[in-house]
Amino acid sequence: MSRPVRILGFVNHIAPVPDIEDEIRQAFEWGVDVVVAQGTGSDWGPYWLGSGEQVSANQAANVEPYVRAALQHGVPFVFSFGIAGADVHLETCLRSFDEMCERNGWSPEVGVVRSEIGKDYLAAAVADGPPVVPCSEGAGHQPLTLADVADAERVVALIGPEPVQELLGRGVDGVITGRALDIGLFMALPMMRGIPTAVAAHAGKLLECGGLALEPGDSGRSIWASLDETGFEVRSPSKQARASVRSLVSHTFYERAHPTLEENPGGALDLSQATYHETATGIRCAGAQWHEAPYTLLLEGARREGFRAVTLLGVREPELLRQARTWTDAAEREVRSAPRFAAHVAAGRLRISTRIFGLDAVLGELEPNRAITGHEAGVLVDVVADNEELAREVAYFAFIRLFIGPYPGRKTTAGNAAAPIMPVVIPVSDVYTFSIYHLLPLADPLEPFRLSVERFPRAGAVKEEAAHAAV
Amino acid sequence: MRLYECADIIRSKNAGPFTLTIDLFFGDEERYSIAKGSMLLTVAGVAQAYGVEESRVKGVYFDDRIRAAKVSLLRWSSSADPFCADMFGAHLHTPLADGELVPALSKGVPA
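Starting from 1, residues in each chain are numbered consecutively following that chain's sequence as written. Chain A is the first chain written and ligand 1 is the first ligand written, with later ones labelled in order. Local features in this predicted model are restricted to residues whose pLDDT is 70 or higher, and side-chain atom pairs enter the listing and the counts only when it is 80 or higher, whereas totals over whole chains, interfaces and linings include all residues. Only hydrogens and water are set aside when side-chain values are computed; all heavy atoms of the structure are taken into account.

K.L.:
So what exactly am I meant to see when it comes to the state of the cysteines here?
P.N.:
When the sulfur atoms of two cysteines share a covalent bond, that bond is a disulfide. Residue and element names in this part refer to chain A. A pair of cysteine sulfur atoms is labelled a disulfide when the two atoms are within 2.5 Å. Counting across every chain of the model gives zero disulfides over all chains. The structure places no disulfide on Cys 135, whose sulfur is separated from the nearest cysteine sulfur, that of Cys 209, by 18 Å. Left without a disulfide partner, Cys 285 is nearest to the cysteine sulfur of Cys 209, which lies 15 Å away. Judged by its relative accessible area of 0%, Cys 285 falls in the buried class. Remark: exposure states derive from per-residue accessible area (1.4 Å probe, protein chains only) relative to the maximum for the residue type, with buried under 20%, exposed over 50%, and partly exposed in between.

Structural data, given as structure tokens:
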């Protein structure tokens, strides 16, 4: 009979609520063996992975009260950092972590898992290994090719619990990873202590979004569970929230295509027989099953599609509101047929999409309302071209055609619409797509990843930052 | 009654970049039964509401314990699409929510 394993869970890309210290104190009174929080995900789209930029979530600041408690009590923390979670994102977060440790006088020894996949490694796997097959039928992807690998800006893998376990086994104060499977972070320590995979995965699924699984749900709050061989009890460390059967079961639905079946590296979590019962202190969860399967990791890769520039116009003129779509269609046609752009359009180097807010900007062709019913509307011309110069030129061309283009019954011959932003063309950014969303078969779950143990603050890291700031 | 009036909570969100999932929660047994027994909350009903092939609807599921339903379908424009209008998929419930809850006799009595 193994001893219970107690997890304090939260989400590290969401700022904690103001009274989080009370929650942490309560959780440690109950007992905590590991503090776990996820901070990666693909929900924000492919931009971050492709560009290398970091969502401004200040993940180091969010973990600070939890790291303080973990170090005081001598229990490890396990975090994934960086949203998109490639090396560049992880490094941005680790530098903030350096500063946080420096500021607090902490010197933890941290295991770091870099989960970006080297393109050489992946090319060799594609060339010599079993097929790397698409993970989503909806993506229109084919089995991965060498060209896909070459075209991707970056590729990451959602690591399972194994690399985290390897580093926890070295006796570190904590583990920080790049892109990771959320529930794998929660599964790592319990499985090392003999908790069955099904129980560990079920708990991970309920804890991975922190207090969002409570009532009322709030990812800025934490959540606590005690795992044993047959199941686990979930509690709310906050007096402002509580765990309920309804809140936990509904959380198993969250952001999942199937309510009870979830494929993971090495197996599928099956909650079809799961049970949830109220106890005096929380909710007892049991009955999960784990069906073993070959070990595969989900890969995410982003390819550059071009550069985006936009222009925004406001329409308040009643006659133009009645014919807004034909007016924007005419402007789009003029762009496409302009001699200076025609070759780019034909070669696929230039794409344009005009969204009319107030008509169908959200649903597009699915929108059942075919007319503008309000008194004003917004027109966003969205241009994606091979390069910034072309995107800007097209957006400006489109703006002018919309601004001065004639339409039947026009009275407003000095200008058709309001221009709310100057300059009228807004260069946005490079644009990316998820070109890789595939499953990589692996014999060794650690093989593609770089594991290290590093003392924070890392030598020179904070000083370098300071020197840079001085310049 | 439309689904919009019947459900208390309508949670639209991505399940990965290429799949949309809509979680529906109902306040009482009566309304849950109406929804569960409806033509709308079938694979065919969802396909019709979104104007897509039935093969793009991954499933319609129910959980009696918490009076909830889940509808999952492949996204017609995913967050990988440069012109995706809803990156999080948080606002794509309305074609379904606008649907009328007409009994589907062939579904039988809710289990």
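Still more to cover.
K.L.:
Would you mind going over the sheet that holds strand β4 (residues 68-74) of chain B with me for this structure?
P.N.:
Across a sheet, paired strands are connected by hydrogen bonds in the backbone, their directions being either parallel or antiparallel. All names here are of chain B. Each pair of strands is called paired provided DSSP finds at least two bridges between the two strands. Only runs of H or I of at least four residues qualify as helices and only runs of E of at least two qualify as strands under DSSP, and these elements are numbered from the N terminus. Reading across from one edge, β1-β2-β4-β3 is the order of the four strands in this open sheet, with antiparallel pairing throughout. In the strand order of this sheet, the two ends are held by β1 (9-14) and β3 (57-63), each with one partner. Here the average twist between neighbouring strands, direction ignored, is 10 degrees. Sheet analysis places β1 next to strand β2 (residues 19-25), joined by six bridges and oriented antiparallel. Within the sheet, the bridge partner assigned to Asn 14 lies in β2 and is Leu 20. Pairs of residues are marked as contacts when any of their non-hydrogen atoms sit within 4.5 Å. Interaxial angles span 0 to 180 degrees and are taken between N-to-C directions of axes, which are lines fitted to C-alpha atoms, for helices over the stretch in contact. Here helix α3 (residues 43-50) sits on the sheet in contact with β2, β3 and β4, set at roughly 125 degrees to β3.

K.L.:
What's the story with the side chain of A:His202 in this structure? I'm lost.
P.N.:
Residue and element names in this part refer to chain A. One can find His 202 in helix α9 (residues 197-207). Within the structure, His 202 has its side chain in polar contact with the side chain of Tyr 276 (distance 2.9 Å). The contact partners of His 202, leaving out residues within four places of it in the chain, are Phe 232, Leu 269, Leu 271, Ala 274, Tyr 276, Cys 285, Ala 286 and Ala 288. Here a polar contact is taken to be a pair of N or O atoms separated by no more than 3.5 Å, where protein atoms must pair a possible hydrogen donor with a possible acceptor and residues adjacent in sequence count only if both atoms sit in side chains.

K.L.:
Where do I start with the interface of chain B and chain A in this structure?
P.N.:
A common way to report how large an interface is uses the accessible area buried once the components associate. Taken residue by residue, the interface counts 39 residues in chain B and 40 residues in chain A. Buried area adds together the accessible area that both of two parts lose upon being put together, with accessible area traced by a 1.4 Å probe. Between chain B and chain A, the buried area comes to about 3,300 Å², and carbon and sulfur atoms account for 64% of it. The largest per-residue losses of area from chain B upon contact with chain A belong to B:Phe18, B:Pro82 and B:Phe83, which jointly make up 21% of the total buried on that side. A pairing counts as a salt bridge when a side-chain nitrogen of Lys or Arg comes within 4 Å of a carboxyl oxygen of Asp or Glu. In this assembly, chain B and chain A are joined by two salt bridges. The closest approach of N and O atoms between A:Glu255 and B:Lys13, which form a salt bridge, is 2.6 Å. Here chain B and chain A share 13 residue pairs in polar contact (both at pLDDT 80 or more) between them. Secondary structure elements with two or more residues in the side of chain B that touches chain A: β1, β2, β3, β4 and α4 (94-97) of chain B. If you tally residues by element for the side of chain B that touches chain A, the top one is β4(B), at five residues. Ten residue types, Ala, Val, Leu, Ile, Met, Phe, Trp, Tyr, Cys and Pro, are classed as nonpolar, four, Asp, Glu, Lys and Arg, as charged, and the remainder, Gly among them, as polar. Here the side of chain B that touches chain A is built from residues that sort into 21 nonpolar, nine polar and nine charged.

K.L.:
Could you clarify how one ought to interpret the UniProt feature "domain: DUF4387" (unreviewed entry) in chain B in this entry?
P.N.:
With numbering aligned to this structure, UniProt lists the feature "domain: DUF4387" (unreviewed entry) at residues 3-98 of chain B. The span residues 3-98 of chain B carries 25% helix and 28% strand; its end-to-end C-alpha distance comes to 6 Å. UniProt positions are given in the numbering used here, feature names are shortened, and annotations may be inferred rather than shown by experiment.

K.L.:
Explain unusual backbone geometry here, please?
P.N.:
In most cases, non-glycine residues show a negative phi, while peptide bonds are predominantly trans. Residue A:Pro216 follows A:Glu215 across a cis peptide bond; omega there is 0 degrees. Structurally, A:Pro216 can be placed in the loop between α9 and β8 (223-227). Cis geometry is found at the peptide bond from A:Phe456 to A:Pro457, where omega equals -5 degrees. We note that A:Glu255 has phi near 55 degrees; this positive angle belongs to a residue other than glycine. Positive phi is not limited to glycine here, since B:Arg67 has a value of about 50 degrees. Along the chain, B:Arg67 falls in the loop between β3 and β4.

K.L.:
Help me out: how do you make sense of the nonpolar core in this one?
P.N.:
Side chains of nonpolar character tend, in soluble globular proteins, to be buried together. Residues and elements named next belong to chain A. Residues Phe 232, Val 234, Tyr 276 and Leu 299 are the most contacted members of the largest nonpolar core, which totals 83 residues. The element best represented in this core is α9, accounting for seven residues. With near-sequence residues (within four places) excluded, Val 234 lies in contact with Leu 206, Ile 223, Trp 224, Ala 225, Ala 243, Leu 248, Gly 282, Ile 283 and Cys 285. Think of a nonpolar core as a cluster: buried Ala, Val, Leu, Ile, Met, Phe, Trp, Tyr and Cys residues, connected wherever their side-chain atoms sit within 4.5 Å. Grouped together as the second largest cluster of nonpolar side chains are 34 residues, Ala 331, Val 335, Leu 350 and Ala 377 included.

K.L.:
I tried to follow the packing of aromatic side chains on my own but got confused; where do I start?
P.N.:
Between two aromatic rings, the relevant description is the distance of the centres plus the angle of the planes. All names here are of chain A. Aromatic rings from Phe, Tyr and Trp, with only the six-membered ring used for Trp, were paired whenever their centres fell within 6.5 Å, and each pair was classed as stacked if the ring planes differed by under 30 degrees, edge-to-face if by over 60, and tilted otherwise. The final tally for this structure, using the stated rule, is 19 aromatic pairs over all chains. The interplanar angle of 80 degrees and the centroid separation of 6.4 Å between the aromatic rings of Trp 44 and Trp 48 together place this pair among those described as edge-to-face. Taken together, a centroid distance of 5.5 Å and an interplanar angle of 15 degrees make the contact between Phe 399 and Phe 403 stacked. You can see Phe 399 and its partner Phe 403 sitting in helix α14 (residues 388-404), four residues apart, about one turn around the helix. With a relative accessible area of 23%, Phe 403 lands in the partly exposed category.

K.L.:
Mind showing me how you'd approach helix α4 (residues 87-104) of chain A here?
P.N.:
Count 3.6 residues to each turn of an α-helix, and residues three or four apart come out pointing the same way. Residues and elements named next belong to chain A. One fewer than the residue count of a helix, multiplied by 1.5 Å, yields its expected span. End to end, α4 covers 25 Å across 18 residues, agreeing with the expected 26 Å (1.5 Å per residue, within 8%). Three or more residues of α4 are buried, namely His 89, Leu 90, Cys 93, Leu 94, Phe 97, Asp 98, Met 100 and Cys 101. Looking one or two residues past α4, Gly 105 carries a phi angle of roughly 70 degrees, positive in sign.

K.L.:
Whenever I open this one, the confidence of the model for chain A confuses me. Can you help?
P.N.:
The predicted coordinates of low-pLDDT regions are not to be read in fine detail. A score between 0 and 100, pLDDT records how confident the predictor is in each residue. Overall, the predicted model of chain A reaches an average pLDDT of 95, with 97% of residues at or above 70. Predicted confidence is poor over residues 463-471 of chain A, with pLDDT under 50, and the contacts of this stretch with residues over four places away or in other chains come to three contacts.

K.L.:
Help me out: how do you make sense of the UniProt feature "domain: Acyclic terpene utilisation N-terminal" (unreviewed entry) in chain A in this one?
P.N.:
Under the local residue numbering, the UniProt record ascribes the feature "domain: Acyclic terpene utilisation N-terminal" (unreviewed entry) to residues 63-412 of chain A. The span residues 63-412 of chain A is 37% helix and 25% strand, and its two end C-alpha atoms sit 56 Å from each other.

K.L.:
Would you mind showing me how to read a nonpolar patch on the surface here?
P.N.:
A grouping of A:Trp44, B:Met87 and B:Phe88 is seen on the molecular surface, where their side chains present a nonpolar patch of about 240 Å² in accessible area. Tracing the backbone shows A:Trp44 in the loop between β2 (34-38) and α2 (47-51). A:Trp44 gets classed as partly exposed once you look at its relative accessible area, which sits at 35%. Patch construction takes residues with relative accessible area above 30% that form no salt bridge. Like charges are linked within 9 Å, and nonpolar side chains (Val, Leu, Ile, Met, Phe, Trp, Tyr) are linked within 5 Å. All accessibility values rest on the Shrake-Rupley procedure with a 1.4 Å probe; residue burial counts only the protein chains present in the view.

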